[in-house]
Amino acid sequence: MPQNPLIALVHAIPDSMPAAIAAFEAGWPEADLVNIVDDSLFHNLSSGKADREAAVARFQALTEYALGPTTDGRRPQALLFCCSAFAYAIELARAGRQVPILTPAEAGLEQALQTGRRIGLVVSTDPVMPPLAEELANIARAMGRDYELVPIVAEGAIAALRAGDGEAHDRLVIEAIAAAPATDVVLMGQFTMSRAASVVPRDRMPPVLTTPGAAVHKLRALLQH
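As a starting point, this report considers the structure included with it.

Conventions used here
The residue count restarts for each chain, going from 1 along the sequence in the order it is written. In keeping with the predicted nature of the model, local features appear solely for residues at pLDDT of at least 70, side-chain atom pairs appear and are counted solely at 80 or more, and the whole-chain, interface and lining totals rest on all residues. Where side-chain values are given, they derive from all heavy atoms of the structure, hydrogens and water being excluded. For helices, the fitted axis covers only the stretch in contact; all axes are lines through C-alpha atoms, and the angles between them, taken along N-to-C directions, range from 0 to 180 degrees. Under the DSSP-based scheme used, a helix requires at least four consecutive residues in state H or I and a strand at least two consecutive residues in state E, with every element numbered from the N terminus. Oblique is the label for any angle not under 35 degrees, not over 145, and not in the 65 to 115 range, which are roughly parallel, roughly antiparallel and roughly perpendicular in turn. Rotating anticlockwise by less than a right angle from the far helix to the near helix defines a left-handed crossing, while the corresponding clockwise rotation defines a right-handed one. Whether two residues are in contact is decided by their heavy atoms: any pair within 4.5 Å suffices. Here the term charged refers only to Asp, Glu, Lys and Arg, the term nonpolar to Ala, Val, Leu, Ile, Met, Phe, Trp, Tyr, Cys and Pro, and the term polar to all other amino acids, Gly among them. Think of it this way: DSSP has to see at least two bridges between two strands before they count as a pair. Take the number of residues in a helix, subtract one, and multiply by 1.5 Å to get its expected span. Exposed residues in this analysis have more than 50% of their type's maximum accessible area, buried residues have under 20%, and partly exposed residues fall in between, with area computed by a 1.4 Å probe over protein chains only. Think of a salt bridge as a Lys or Arg side-chain nitrogen and an Asp or Glu carboxyl oxygen that are within 4 Å of each other. This arc is taken over the directions from the axis of the helix to the C-beta atoms. Buried residues of nine kinds, namely Ala, Val, Leu, Ile, Met, Phe, Trp, Tyr and Cys, make up a nonpolar core once their side-chain atoms join them within 4.5 Å. Residues adjacent in sequence count toward polar contacts only when both atoms are side-chain atoms; beyond that, a polar contact is any pair of N or O atoms within 3.5 Å, and within protein one must be able to donate a hydrogen and the other to accept it.

### Examining the packing of helix α1 (residues 17-27) against helix α9 (residues 211-224)
Helix packing for two helices is described by the angle between their axes and how far apart those axes are.
Turning to step 1, where the next piece is worked out: Packing of α1 against α9 leaves a shortest axis separation of 9 Å and a crossing angle of 50 degrees. It follows from the interaxial angle that α1 and α9 lie oblique. Once α1 is placed against α9, the crossing between them reads as right-handed. Residues A19, A23, F24 and G27 of α1 form the contact with α9, whose participating residues are P212, G213, V216, L219 and R220.
Turning to step 2, where the next piece is worked out: Looking at the contact of α1 with α9 residue by residue, the classes come out as six nonpolar, two polar and one charged.

### As for the sheet that holds strand β2 (residues 32-37)
Turning to step 1, where the next piece is worked out: With parallel pairing, four strands are arranged side by side in an open sheet as β2-β1-β3-β4. Since the sheet does not close on itself, it has two edges, and those belong to β2 and β4 (101-102), each with one partner.
Turning to step 2, where the next piece is worked out: Where strand β1 (residues 6-11) lies against β2, six bridges are found, and the strand directions are parallel. Residue pairing in the sheet places A8 in a bridge with V34 of β2.

### Topic: α9
Turning to step 1, where the next piece is worked out: Relative to the 20 Å expected for 14 residues at 1.5 Å per residue, α9 spans 20 Å between its end C-alpha atoms, a close match to the ideal helical length.
Turning to step 2, where the next piece is worked out: When α9 is considered as a whole, its buried residues turn out to be T211, P212, A214, A215, V216 and L219.

### A word on the pairing of strand β6 (residues 148-153)
Turning to step 1, where the next piece is worked out: Pairing of strand β5 (residues 118-123) with β6 involves six bridges; the strand directions are parallel. When the bridges of β6 are listed, L121 appears paired with P151.

### Details of the pattern of salt bridges
Turning to step 1, where the next piece is worked out: As enumerated under the stated definition, the model contains 16 salt bridges in all.
Turning to step 2, where the next piece is worked out: Across the pair E175 and R171 runs a salt bridge whose closest N-O atoms are separated by 3.6 Å. Residue E175 and its partner R171 are located together in helix α8 (residues 166-179), separated by four residues, close to a single helical turn.
Turning to step 3, where the next piece is worked out: Here the residues in one salt-bridge network are E91, R94, E106, E110 and K218, joined through shared partners.

### Looking at α1
Turning to step 1, where the next piece is worked out: Within the sequence span of α1, burial applies to A19, A20, A23 and F24. When α1 is viewed along its axis, its buried side chains cluster within an angular range of 130 degrees and face the same direction. Residues of α1 that are exposed and point over 90 degrees away from its buried face: P18, E25 and A26.
Turning to step 2, where the next piece is worked out: Looking at the buried side of α1, the elements it contacts are β1, β2, β3 (78-81) and α9.

### Observations regarding the nonpolar core
Turning to step 1, where the next piece is worked out: Counting residues in each nonpolar core, the largest one holds 42 residues, and the members touching the most others are F59, L79, F81 and F86.
Turning to step 2, where the next piece is worked out: Excluding its chain neighbours within four sequence positions, the residues that come into contact with L79 are A8, L9, V10, T63, A66, L67, P100, I101 and L102.
Turning to step 3, where the next piece is worked out: In terms of nonpolar packing, the next biggest core, distinct from the first, is built from 18 residues, I152, A154, M193 and A196 among them.

### Notes on the side chain of R74
Turning to step 1, where the next piece is worked out: Relative to the helices and strands, R74 is located in the loop between α3 (52-66) and β3.
Turning to step 2, where the next piece is worked out: Here R74 falls in the buried class, since its relative accessible area comes to 14%.
Turning to step 3, where the next piece is worked out: Here the side chain of R74 touches N4 through a polar contact of 2.6 Å, landing on its backbone oxygen.
Turning to step 4, where the next piece is worked out: Not counting chain neighbours up to four residues away, the residues in contact with R74 comprise Q3, N4, P5, L6, D32, G68 and P69.

If you want it as structure tokens, here you go:
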């Protein structure tokens with residue numbers, strides 16, 4: 001009997017884990033998951049201490065660890081990072097690897113570029129926006145797509161979530177989207193934000209995409225090709 005696929009997930013905060021697990025349960029329930037948390041990633045990013053060169057080295061080490069054998073001897077067949085601000089380090093860490101390794105947002109960004117030209121990109125903390133905007137530019141260039149970025153920061157949302165107030169987080173995200181200029185599509189750029197998708201007033205907003213669901217769909221397609 002064939003074994004279920006084993007997928008490794010690396011998180012920068014524990015709060016992204018429920019979103020990732022829910023996305024797999026909805027889109028690929030047969031997958032077995034290995035969750036790894038390195039909360040120094042978010043701490044150093046939010047405090048302004050994250051050094052680009054040090055981040056590259058850290059992601060190389062995390063990749064090596066995550067793809068190692070588990071206690072039953074199985075090795076993950078793919079790796080999904082769930083920390084949206086480090087695509088530049090993930091790109092280098094996955095070079096030369098023989099298994100699929102995805103950044104958290106790449107599948108969602110690809111989907112957004114295929115949906116519309118004017119893209120609202122939502123984050124819940126300021127430091128995440130520049131690296132996500134850089135990743136969007138790189139993906140658009142590779143796809144040959146023209147786009148216009150509308151950056152949207154849901155101020156205070158991640159702090160509310162980390163304090164245990166999920167309802168306040170969701171409300172701040174929805175309010176930020178509603179207050180933004182008109183767009184063709186909106187992408188919630190962090191895994192933690194996807195919980196707010198269930199309360200989006202879809203009759204009054206453009207299509208709203210989330211990164212976990214898009215990532216699971218892409219990973220499944222890559223491994224089942």
